[in-house]
Amino acid sequence: MVSPQTSPSKKDGSPTFHKGIKRVARHVLDSDRVLQLMEMNGILEPEKAYVLEAANLHLEDIYDLSDVPRLRTLDVTNNRLTNLRNLVGVRHLRELRAGTNRIDDADDVGVCKELEALYLQDNLLEEAPRTLGGLRSLKTLRLDRWGTKWANADCLKCNMDNPFEVENLVANCCVVGNIAGPFMLTGGERLVEACIHYDTDYCDVSGEIPWSAKILQFHDLARDAGVYIVPSAAYAGGLPDIMAYMMAQKMREVDGGAEIKKLHGYVSMYQENEGTVGSSGGTLSTRAAMSTGDKWVRSVMMNPFALGGKVQDGSREEDQDKVLTKVFRDPVVKSWVAPHVYAFFETRVVRRSNMLHNMLVGGPDMGFWYGPELNFTVYALMPDESTAKQFKKGSTSTKAEEERLRAEGKYYGAGEGPPLDELFEIGVYSLYHMVAISDSGKKLCWSIKGRDGYFETARMCVETALTMACSAPELRSGPCSVRGGMLGAGLAGKDILFDRLRKSGMGFIDWSPGTANDGNLNCNVLEAAVVGKLGAAP
């Protein structure tokens with residue numbers, strides 16, 4: 001390609017181009033630039049090319065790729081692209097590398113129906129491309145390290161011990177997200193009380209039974225003020241709560257208004273590469289605080305209905321905590337299970353939401369129950385009996401866990417935790433499976449797949465906050481509305497939050513009877529599913 005030649009400048013200083021010589025647009029990927037790149041790589045027949053390398057060229061837009069219709073790989077990494085329009089000419093792409101750009105809208109990738117690998121890391125996306133559901137061949141998807149157009153927004157800070165600073169922060173917010181644990185030791189009650197006073201919704205990432213029990217005192221105040229107080233907007237507690245809410249709605253739809261009698265949760269994790277993942281200093285401090293608490297803390301920890309939701313007189317065998325400490329082969333999923341570290345907490349959260357749905361939705365005592373006789377259990381999935389027993393043995397002592405992590409060099413102090421890059425290099429994934437069974441025996445079987453628990457806790461908290469900030473009028477109107485109170489993530493965010501979570505990149509799989517998996521938990525299929533590839537809407 002001939003470089004443009006210029007004649008002496010005009011009076012205004014701009015160059016004049018000789019007639020017959022076409023100027024090369026240096027910052028767009030158009031037909032001329034494609035031909036130029038092909039010539040540089042010794043390719044004389046672009047229409048037969050399978051690979052186009054266009055990384056690190058300061059490209060600002062894609063104009064025309066019709067000259068390379070057989071293209072299978074396009075690399076536009078590290079440019080200045082803001083969108084992915086004009087991919088129509090390369091519909092047969094199998095791999096698109098578009099990381100490290102300024103892309104804030106990637107919906108146009110949907111025209112490339114044969115994509116198998118899509119790299120969109122380090123961009124300005126605020127949600128996953130809405131067209132991902134149509135990419136049925138997609139096997140690899142990277143959406144990590146997103147930016148945001150709000151990255152340079154002002155950051156408000158306050159000292160939690162100073163009530164004036166707390167009130168100043170809350171008065172300038174429509175939603176407050178509290179991520180400073182252990183919550184039972186940081187005096188967050190002042191923050192919650194200020195939120196109610198200033199009509200500011202609140203959420204946090206706690207996984208602490210005593211903290212949730214402590215702020216129950218604010219439920220009536222928040223309800224009357226029309227403020228949402230949502231503790232445990234996290235992977236632990238929050239995710240099973242929103243799943244329970246959605247499955248209760250779905251069960252009524254598919255089983256003639258039936259309610260759920262039994263709800264079973266199962267947690268599994270896997271990693272793609274060798275490596276050890278430690279727990280954050282905050283997680284370990286929280287567990288230590290709960291295990292060494294005073295008499296009141298111990299009494300709350302031992303009460304299965306500490307947050308409400310008592311079924312009958314609370315004495316049913318299947319509702320007691322000791323049921324959650326067993327190792328056995330579970331006939332529901334035909335797999336060995338072991339105690340899950342957050343089982344005590346999550347069962348209490350969902351029991352409360354079951355009760356509140358009846359008490360608050362649509363008005364006082366007008367809502368339906370998930371199930372008036374609901375029994376909810378949570379376990380960790382295990383491959384065999386030996387592993388399950390070993391897992392139980394290793395998960396019973398906070399001190400033993402600390403010693404193990406120190407020996408492996410994975411013990412983190414306060415304010416520290418596993419580096420995000422390390423978690424992504426190891427390739428840690430988490431899956432939350434849930435089975436709902438109605439009185440008639442109708443089954444719903446769903447799974448949610450995401451990254452590691454810390455990443456998904458951040459996602460859960462951010463999306464809960466954004467749901468309350470962006471959809472406040474919708475949440476508080478209509479037949480499923482809730483005015484306010486101390487709520488779980490499900491009642492607070494409803495289907496709006498569930499849709500946001502899925503659009504942000506969490507995978508969803510329906511393996512209920514009648515689907516491809518026909519009610520069988522096939523972990524190989526679930527693990528192979530791409531995070532961010534959205535399944536069919538429930």
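Computed from a predicted structure; not experimentally measured.

Take the overall build of the chain next. Counting its secondary structure elements, the chain contains 16 helices and 20 strands. Among the 538 residues that make up the chain, the fraction classed as buried is 50%. Residue pairs at least 24 apart in sequence account for 62% of intrachain contacts in the chain once pairs closer than 6 positions are excluded. With an accessible surface of roughly 25100 Å², the chain has 51% of that area assigned to carbon and sulfur atoms.

Right, let's get into a negative patch on the surface. A surface patch of like charges, here negative, comprises Asp104, Asp105, Asp108, Glu126 and Glu127. Its location among the elements puts aspartate 108 in the loop between strand E7 (95–97) and strand E8 (117–119).

Okay, empty space enclosed by the protein next. Counted under the stated rule, the structure contains 2 cavities of 30 Å³ or more. Approximately 80 Å³ is the volume attributed to the largest cavity. Every residue lining the largest cavity is listed: Ser212, Pro231, Ser232, Leu307, Val349, Arg352, Ser353, Leu356, Met486, Leu487 and Gly488. Looking at the lining of the largest cavity element by element, the count peaks at 4 residues for helix H9 (residues 343–360). Volume-wise, the second largest cavity comes out at about 30 Å³. Lining the second largest cavity we find Phe305, Gly309, Val311, Arg351, Asn354 and Leu374. Each residue belonging to the lining of the second largest cavity can be placed in one class, and the counts come to 3 nonpolar, 2 polar and 1 charged.

With that settled, the discussion passes to the packing of aromatic side chains. Inspection of the entire model under this criterion finds 7 aromatic pairs. Taking the centre distance of 5.2 Å and the plane angle of 15° together, the rings of tyrosine 270 and tyrosine 429 count as stacked. Of this pair, tyrosine 270 sits in strand E13 (residues 260–271) while tyrosine 429 sits in strand E17 (residues 428–438), and the two are 159 residues apart along the sequence. Across the pair, tyrosine 429 and tyrosine 270 agree in class, each one buried. Taking 6.1 Å as the distance between ring centres and 85° as the angle between the ring planes, the aromatic pair formed by phenylalanine 498 and phenylalanine 508 counts as edge-to-face. Taken together, the positions of phenylalanine 498 in helix H15 (residues 489–503) and phenylalanine 508 in strand E20 (residues 507–510) put the pair 10 residues apart, joining distant regions of the chain. Accessibility classification places phenylalanine 498 together with phenylalanine 508 in one group, the buried group.

With that settled, consider the sheet that holds E17. Here we have 7 strands laid out as an open sheet, ordered E14-E15-E16-E13-E17-E18-E20, and mixed in their pairing. Where the open sheet ends on each side, the last strands, each with one partner, are strand E14 (328–330) and E20. Between one strand axis and the next, the sheet turns by 35° as a mean value, whatever way the strands run. Across 4 bridges, the pairing between strand E18 (residues 443–450) and E20 is antiparallel. Looking at the pairing, lysine 449 lines up with glycine 507 of E20.

Structurally, leucine 431 is set in strand E17. Spatially, the C-alpha atoms of leucine 431 and glycine 453 are 9.5 Å apart, while their sequence positions differ by 22 residues.

This part takes up the side chain of arginine 348. Looking at where arginine 348 falls in the secondary structure, it is placed in helix H9. In this structure arginine 348 comes out as buried when scored by relative accessible area, which is 1%. Within the local environment of arginine 348, its side chain forms a polar contact with the backbone oxygen of asparagine 303, the two atoms lying 2.9 Å apart.

Turning to the sheet that holds E8, a few remarks are in order. Taken together, the 5 strands give an open sheet; going across it, the order is E4-E6-E7-E8-E9, and neighbouring strands pair in parallel fashion. Each having just a single partner strand, strand E4 (51–53) and strand E9 (140–142) make up the two edges of the open sheet. Within the sheet, the average angular offset between the axes of one strand and its neighbour, ignoring direction, is 5°. Relative to strand E6 (residues 73–75), E4 is paired through 3 bridges, and the arrangement is parallel. By the bridge assignment for E6, glutamate 53 is matched with aspartate 75.

Right, let's talk about the environment of valine 332 for a bit. Along the polypeptide, valine 332 turns up in the loop between E14 and strand E15 (335–339). Assessed through its relative accessible area of 19%, valine 332 is described here as buried. Among all residues touching valine 332, those that are not within four sequence positions of it are His264, Tyr266, Val435 and Lys443.

Counting buried residues along E17, 11 of its 11 residues qualify, which places the element largely inside the surrounding structure. Of the two faces of E17, the one lined by Val428, Ser430, Tyr432, Met434, Ala436 and Ser438 and the one lined by Tyr429, Leu431, His433, Val435 and Ile437 are each fully buried. Taken together, the 11 bridges between E13 and E17 define a ladder with antiparallel strand orientation. What sits directly across from histidine 264, in E17, is valine 435. When E17 meets E18, the two strands line up antiparallel, connected through 8 bridges. Each bridged residue has a counterpart across the sheet, and for alanine 436 the counterpart in E18 is leucine 444.

What follows covers the packing of helix H13 (residues 453–470) against H15. Contact pair H13 / H15: the axes reach a minimum separation of 9 Å and the direction vectors enclose 105°. As summarised for this structure, H13 and H15 are arranged roughly perpendicular, according to the angle between their axes. Here Arg459, Met460, Glu463, Thr464, Leu466 and Thr467 of H13 lie close against H15, whose contacting residues are Ala489, Gly493, Ile496, Leu497, Arg500 and Leu501. For the contact of H13 with H15, the per-class residue count stands at 6 nonpolar, 3 polar and 3 charged.

The full count for this structure, using the stated rule, is 18 salt bridges. For the salt bridge of lysine 214 with glutamate 189, the shortest nitrogen-to-oxygen distance reads 3.5 Å. Placement of the pair is lysine 214 in helix H4 (residues 209–214) and glutamate 189 in helix H3 (residues 189–197), with a sequence separation of 25 residues. Taking relative accessible area as the criterion, lysine 214 reaches 26% and is therefore assigned partly exposed. As a salt-bridge pair, glutamate 317 and lysine 322 come within 3.3 Å of each other at their nearest N and O atoms.

What counts, and at which threshold
Residues numbered from 1 in each chain as written. Predicted model: local features only at pLDDT ≥ 70, side-chain atom pairs only at ≥ 80, totals over all residues. Heavy atoms only, no water. Helix = DSSP H or I, 4+ residues; strand = E, 2+ residues; numbered from the N terminus. Buried < 20%, exposed > 50% of the residue type's maximum accessible area, 1.4 Å probe, protein only. Contact = heavy atoms within 4.5 Å. Areas by Shrake-Rupley, 256 points an atom, 1.4 Å probe, with all protein chains shown as cover. Patch = residues over 30% accessible without salt bridge, like charges linked within 9 Å, V, L, I, M, F, W, Y side chains within 5 Å. Salt bridge = Lys/Arg side-chain N within 4 Å of Asp/Glu carboxyl O. Lys, Arg positive; Asp, Glu negative; His and termini not counted. Charge placed at Lys NZ, Arg CZ, Asp CG, Glu CD. 1 Å grid on protein atoms, 1.4 Å probe; cavity = no way out; pocket = protein on both sides within 12 Å on 5 of 7 lines; lining within 4 Å. Points joined across faces, edges and corners; volume = space filled by probe spheres on them. Nonpolar A, V, L, I, M, F, W, Y, C, P; charged D, E, K, R; others polar. Phe/Tyr/Trp six-rings, centres within 6.5 Å; stacked < 30°, edge-to-face > 60°. Pairing = 2+ DSSP bridges. Axes fitted to C-alpha atoms, helices over the stretch in contact; angles between N-to-C directions. Polar contact = N/O pair within 3.5 Å; in protein donor to acceptor, adjacent residues only side chain to side chain. Parallel < 35°, antiparallel > 145°, perpendicular 65-115°, else oblique.

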